[in-house]
Amino acid sequence: MKSLIMKSLIMKSLINILFFITPAVLFGQENVKEYFLSINDTTLNFTGKDRPAIAVNGSIPAPTLYFTEGDKAVIHVKNEMKDKETSIHWHGLLLPNIQDGVPYLTTPPIKAGESRTFEFPIIHAGTYWYHSHTNLQEQSGVYGAIVIQPKTPPIYEVDKELVVMLSDWTNENPDAIVKALRRGLEYYAIQKKQPPSWNKIIANKGVKKRIKGSFKRMPLMDISDLYYNAFLINGKPKQQLLNFKSGEKVRLRIINGGAGTYFNLQYAGGKMTVVAADGIDVKPIEVDRLLLSIAETYDVIITIPNDSMAYELRATSQDGSGFSSMMLGQGMEVNAPTIPRPNIYNMSMMDMMMSGPNGVKSGVTMKMDNTKHDKMKMDDTKHDKMKMDNTKHDKMKMDNTITTLKYDMLSSIQPTTLPKENKWREVRMELNGNMWRYIWSINGKTLSEADKIKIKKGENVRFELVNKTMMNHPMHLHGHFFRVLNGQGDYSPLKHTVNVPPMGTVIIEFEANEEKDWFFHCHILYHAKTGMARVISYEGDTVATELAKARKEGKEKSDKNFLFWGTATAMSNFSELSLTLSNTRNQFNLDADGDWNGNFETDVDYERYFGANGYFRAFAGATVEGQQVPVVVDGMPTGSMIENVEVRPVVGVRYLLPFFINSELRIDNQAKVRLQLDGETLLLPRLSFEWLYNTNNEWRLGLNGIVSKNFSITANYDNRYGWGGGLSVRF
């Protein structure tokens, strides 16, 4: 390869062979940079409430690790948590497979009370980061920055550098968040003041689009799955740095370490010049705003205005629910402009596709064969014609004055073409999502259900990433940099994380010059947790002995875990109880209702979900029905009542119809057939309408007032039990 990073890749291949065999010969008198990291449970307060967290060396974010290209990194990680294992992944670094840090896949986990030493050569410069890859620990605070200075003088001279680590914080237990998302609660949208309620849809003139979307069983565009209590820059919602002086040039090393948030970044002091993306130098681009996908890094250069004032660097969550702020300099404060909240109720398909950092050439790309790929290459003349100055960005501007960075604008400093002599392998991956059950997958299968994606060393690999959902997905490939095909031909940028826009297609390609297994996943933490991931596996490689032992002991496929939840409702006319135990494909249900006279009906069943979207499922179980009947002796009523209980085995199917109507067709052991339909829709932000009807001529209409995440006030009419009202508790 012609570029420096590709030369580094070749170097890394040699290092993988020699690193543990002859370190003295390989490194000679290399500079060893040693760090000691301690991971521990702690309590922190970002929002006025003390909440559990996980800190590294007592801080969130973790300490920044500084290296120079050519160093040898020696990092000792101690797990001081009492009952949890942990891990550290070095995001974006090219290193030996065993050092990558994905527990059970590339590296054994660090058990409670134990330590692990990571040793690897630093073979490329740039801005990167590290974080836990165990369960949801990243959300709780296990993340930090990595800064690697080049061995040779940097291209751009600056007066100062500043690491800018962006992140999101929730007061809620992350495991409880997964459960809330799986059971389909709308409470996070209510907290963000963006509920999918009909009053909001009507007010924003989105009725026609919502009807079309509901008919296709498509939810409103979901910019962010959950509500965050705070957004942080370097661990603080707001701060001021006084050590920046007028006229200074500052290199900002920006990292989106959020678990679920895309950030719009603005600087009140003027334009930002983008000089690197995901650690790799790009041709400089002047912009007013950056939209950072989760796990991406950008280096930008700013100039502190020469007027003795403090200018704001503001990171606004893409859904507009909040921001974090950093004032650079001292004097009168100049704030960055407020970004209007996106109108999720009346978005066109193009609006949705352009909601991420992708441009037209890097978001909607036709599949190419090798011939078409060759035709896409451009010589310098054609490349020059593709360049765009600030006056030609009209189609990419948010308005007449704001230029936002798009992938189409990124151009590598050096050619990034792959070896022509290599054979090509193409892999198509559809990104799938089931929002109503919160199951995320690739090609219709979660990580635990899917086979590894096999590739072979020495070939060129092209991934066609096709997003079939209404969300942006930041896809990260461990252990490799890939070319993002964005219309820049031979100068397509190299990245380790790429956004795939809603209903869009992105094509990436890389040289398979590694070994063993590497992780490829969505970097929205809760999407990866519930299945949107794959293992990329090199053919013919074996598993290291220590890793094979760890794999036997561990559970690396957490999307198979069962979650339990329930709802209990007590009303004046009757009471209800609903219990659910669910994982990706399997679910156990108990639904019971009864009046205060002792009449009741209970349904217990097991159901199995099929297909990529999970609309269809089959079930088997039993109905237990109890009725109070008068006691009759010698043909005369005695005035006493007795419980008559009947148990009927049932089998059937369920299917999610258009407009999110649940349908059920069942038959019992007496050959009685019943069809049932039910649904729910949000009328007002905290008021939903619920209905049910079946062919046994049972029906119900009700209103549900959402008080909090766990409590609702409900009122309804049931033709068996009459009018009533009461309280629902979710657990």
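Quick caveat: nothing in here was measured; it's all calculated off a predicted structure.

Parameters at a glance
- Residues numbered from 1 in each chain as written.
- Predicted model: local features only at pLDDT ≥ 70, side-chain atom pairs only at ≥ 80, totals over all residues.
- Heavy atoms only, no water.
- Helix = DSSP H or I, 4+ residues; strand = E, 2+ residues; numbered from the N terminus.
- Buried < 20%, exposed > 50% of the residue type's maximum accessible area, 1.4 Å probe, protein only.
- Salt bridge = Lys/Arg side-chain N within 4 Å of Asp/Glu carboxyl O.
- Pairing = 2+ DSSP bridges.
- Core = buried A, V, L, I, M, F, W, Y, C linked by side-chain atoms within 4.5 Å.
- Contact = heavy atoms within 4.5 Å.
- Polar contact = N/O pair within 3.5 Å; in protein donor to acceptor, adjacent residues only side chain to side chain.
- Axes fitted to C-alpha atoms, helices over the stretch in contact; angles between N-to-C directions.

Participant: Looking at this structure, I do not really get unusual backbone geometry. What am I missing?
Facilitator: Each neighbour pair has its own omega, and for I60 with P61 the value is 0°, a cis peptide bond. On the secondary structure map, P61 appears in the loop between β2 (51-56) and β3 (62-68). Positive phi outside glycine occurs at K193, with the angle close to 65°. Inspection of the secondary structure assignment puts K193 in the loop between α5 (187-191) and α6 (198-203). A relative accessible area of 60% places K193 in the exposed class. A positive phi is found at F660, a non-glycine position, where the angle reads about 60°. By the element assignment, F660 lies in the loop between β37 (636-657) and β38 (661-668).

Participant: Help me understand the pattern of salt bridges, please; the structure alone is not making it clear to me.
Facilitator: When the charged atoms of two side chains lie near each other, side chains of opposite charge can form a pair. Per the stated rule, a full pass over the model turns up 40 salt bridges. With its nearest N and O atoms 2.8 Å apart, the salt bridge here joins D605 to R654. One end of the pair, D605, is in strand β35 (residues 600-610); the other, R654, is in strand β37, and 49 residues separate them in sequence. With a relative accessible area of 10%, R654 lands in the buried category. Where R654 meets E664, a salt bridge forms, and the shortest distance between an N and an O atom there is 2.8 Å. Here R654, found in strand β37, pairs with E664, found in strand β38; they are ten residues apart in sequence, far enough to count as distant. No difference in accessibility class separates R654 from E664, as the two residues are buried.

Participant: What's the story with the pairing of strand β34 (residues 586-595) in this structure? I'm lost.
Facilitator: As a general feature of sheets, a regular strand has side chains that alternate between the two faces. Counting buried residues in β34 gives seven out of ten residues, a clear majority hidden from the surface. In terms of strand pairing, strand β33 (residues 574-582) meets β34 through nine bridges, oriented antiparallel. If you follow L577 over to β34, its bridge partner there is A592. Between β33 and β34, which follow one another and run antiparallel, lie three residues.

Participant: Explanation requested: the nonpolar core in the structure shown.
Facilitator: Looking at soluble globular proteins, one finds that nonpolar side chains tend to be buried together. By size, the foremost hydrophobic cluster in this structure holds 95 residues, and its most contacted members are L290, F463 and Y526. Top contributing element to this core by residue count: strand β9 (residues 160-169), with six residues. When residues no more than four places from it in sequence are discounted, the contact partners of L290 are F263, N264, L265, M272, V274, Y298, V300 and L405. One finds I88, L93, F118 and F481 within the second-largest nonpolar core, a separate group that totals 31 residues.

Participant: Explain the environment of W596 here, please?
Facilitator: Assignment of secondary structure puts W596 in the loop between β34 and β35. Ignoring anything within four residues of it in the chain, the contact list for W596 reads M571, S572, N573, F574 and S575. At a separation of 2.9 Å, a polar atom in the side chain of W596 contacts the main-chain carbonyl oxygen of M571. Polar side-chain contacts of W596 include one of 3.2 Å to the backbone oxygen of S572.

Participant: Before we go on, may I ask you to explain the sheet that holds strand β25 (residues 473-477) in this structure?
Facilitator: Two strands in a sheet stick together by hydrogen bonds in their backbones, pointing the same way (parallel) or opposite ways (antiparallel). With respect to topology, five strands assemble into an open sheet ordered β23-β31-β30-β25-β28, the strand pairing being mixed. At either margin of the open sheet sits one strand with a lone partner, and together these are β23 (453-455) and β28 (497-500). Between one strand axis and the next, the sheet turns through 25° on average, direction left out of account. As defined by bridge partners, β25 adjoins β28 across four bridges and the pair is classed as antiparallel. Bridge pairing links M475 to V498 in β28.

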